[in-house]
Amino acid sequence: MTKTKWALDPVHSSVDFSVRHMMIANVKGTFNNFSATIDADPADLTTATIEFSIETASVDTRNKDRDGHLASADFFDAENHPNMTFRATKIEKTDEGEYNVTGDLTLRGVTKPETFAVTFEGQGKDPWGNEKAGFSAQGTINRSDYGLVWNAALETGGVLVGDKVKINLQIQAAKA
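Residues numbered from 1 in each chain as written. Predicted model: local features only at pLDDT ≥ 70, side-chain atom pairs only at ≥ 80, totals over all residues. Heavy atoms only, no water.

(A) Summary view of the packing of aromatic side chains. Under the definition given, this model contains 5 aromatic pairs. Relative to Phe 135, the ring of Phe 120 lies with its centre 5.7 Å away and its plane at 45°, an arrangement referred to as tilted. In this pair, Phe 120 sits in strand E9 (residues 110–125) while Phe 135 sits in strand E10 (residues 131–142), placing the two residues 15 residues apart along the sequence. Judged by its relative accessible area of 21%, Phe 120 falls in the partly exposed class. Here a set of aromatic residues connected by ring pairs shows up, and it is made of Phe 17, Phe 31 and Phe 76. (Phe/Tyr/Trp six-rings, centres within 6.5 Å; stacked < 30°, edge-to-face > 60°. Helix = DSSP H or I, 4+ residues; strand = E, 2+ residues; numbered from the N terminus. Buried < 20%, exposed > 50% of the residue type's maximum accessible area, 1.4 Å probe, protein only.)

(B) Quick peek at a nonpolar patch on the surface. Taken together, the side chains of Met 22, Met 23 and Ile 24 present a nonpolar region at the surface, about 320 Å² in accessible area. With respect to the element layout, Met 23 can be found in the loop between strand E2 (14–21) and strand E3 (25–31). (Patch = residues over 30% accessible without salt bridge, like charges linked within 9 Å, V, L, I, M, F, W, Y side chains within 5 Å. Areas by Shrake-Rupley, 256 points an atom, 1.4 Å probe, with all protein chains shown as cover. Salt bridge = Lys/Arg side-chain N within 4 Å of Asp/Glu carboxyl O.)

Following this line, the structure appears as structure tokens:
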């Protein structure tokens, strides 16, 4: 198969994250608004062009007060940095349908290289004849590397918010 343009299907895709809270549990969240430009052969992602954009103000942790704090200057500073972006720069095949995708992640005006483990989940036609492909991706970033350093000390020791943020993407795309 040759490289083809794929349109992200946001209804069948998700961008989720989790972070330690109070050093005893994980809090999960999602971003509701995101887009991607994908030009790829799903059977061989090593030559793919992948760009991803997430609206930081679309953060959703099921708590409006916390979401407002995350969008504020203490964290994402969504007013001045409305999007975080990822642009793939290197894609290495690690196994059948498995890849390490390295790229430039820009968050809050800081750009750093990050690597995500990506799996090609499969490809097929939906009941209406549209060609679809599925991918999943996981990775971990350090929020402090991007200037997200707000925290609060706990009376029992430790901090309120962990530094490591686990990211999980589930992507379905349609051949454009």
